[in-house]
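# What the coordinates show
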Amino acid sequence: RIFFVACVGGEVVGWVHLKHPELEKLAHTAELTIGVLEEYRGHGIGSHLLERGLEWANSKGLEKIYNSVPASNEAAIEFLESRGWEVEAVREDHYKLDGTYLDEVMMATEI
């Protein structure tokens with residue numbers, strides 16, 4: 001696992017986390033999660049964090065990075081798609097948020 005964070009005035013405002021599976025059959029992959037506090041979005045922080053995470057993954061010889069988000073998180077889906085990520089699958093009613101079932105959008109990119 002590795003975390004990279006973005007700070008403004010000593011406060012963490014964004015992060016990227018990569019989890020590299022220990023299973024040999026998945027050793028070429030990593031799961032990436034990323035987030036930026038709402039008030040700091042639109043300033044390139046997420047793009048920079050994503051780039052840094054992918055650079056790290058590439059330096060480790062990884063080939064495929066994946067991420068899953070609730071279908072309601074249209075901003076995250078658009079963010080990743082605009083950077084070449086593709087939807088690989090949709091798992092229906094996977095999340096339950098505030099009593100409502102939401103689909104999971106499974107995305108990936110090859111590096």
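See the structure above.
Note that the coordinates shown come from a computational prediction; the quantities given were computed from them, not determined experimentally. (Residues numbered from 1 in each chain as written. Predicted model: local features only at pLDDT ≥ 70, side-chain atom pairs only at ≥ 80, totals over all residues. Heavy atoms only, no water.)

## A word on the nonpolar core
In a soluble, globular protein the nonpolar side chains are often hidden away together inside. With 23 residues, the main nonpolar core has L18, L32, L49, I65 and W85 as its most contacted residues. Those elements that place two or more of their residues in this core are β1 (2-8), β2 (11-19), β3 (29-36), α1 (45-59), β4 (64-70), α2 (74-81) and β6 (100-110). The leading source of residues in this core is α1, at 6 residues. Dropping the residues within four chain positions of it, L32 is found in contact with V16, H17, L18, L50, I65, Y66, N67 and W85. (Core = buried A, V, L, I, M, F, W, Y, C linked by side-chain atoms within 4.5 Å. Buried < 20%, exposed > 50% of the residue type's maximum accessible area, 1.4 Å probe, protein only. Helix = DSSP H or I, 4+ residues; strand = E, 2+ residues; numbered from the N terminus. Contact = heavy atoms within 4.5 Å.)

## Some words on the environment of I34
If you trace the backbone, I34 turns up in strand β3. A residue is classified by how much of its surface remains accessible, and I34, at 25% relative accessible area, is partly exposed. Separated by 19 residues in the primary sequence, I34 and W15 place their C-alpha atoms 5.6 Å from one another. Those residues in contact with I34 that sit more than four places away from it in its chain are W15, V16, G46, L49, L50, N67 and F79.

## Structural notes on the sheet that holds β6
The strand order across the open sheet formed by 6 strands is β1-β2-β3-β4-β6-β5, and the pairing between neighbours is mixed. For this open sheet the edge positions go to β1 and β5 (86-97), each flanked by a neighbour on one side alone. On average, adjacent strands in this sheet sit at an angle of 25° to one another, irrespective of strand direction. In this sheet, β6 lies alongside β4 in antiparallel orientation, the contact comprising 7 bridges. Paired with K64 across the strands is E110, a residue of β6. (Pairing = 2+ DSSP bridges. Axes fitted to C-alpha atoms, helices over the stretch in contact; angles between N-to-C directions.)

## Quick notes on α1
Compared with the 21 Å implied by 1.5 Å per residue over 15 residues, the 21 Å span of α1 between its first and last C-alpha is a close match. Every buried residue of α1 is listed here: I45, G46, L49, L50, G53, L54, W56 and A57. End-on, the buried residues of α1 take up no more than an arc of 160°, which puts them together on one face. Among the exposed residues of α1, those oriented more than 90 degrees off its buried face are H48 and S59. (Expected span 1.5 Å × (residues − 1). Arc of directions from axis to C-beta.)

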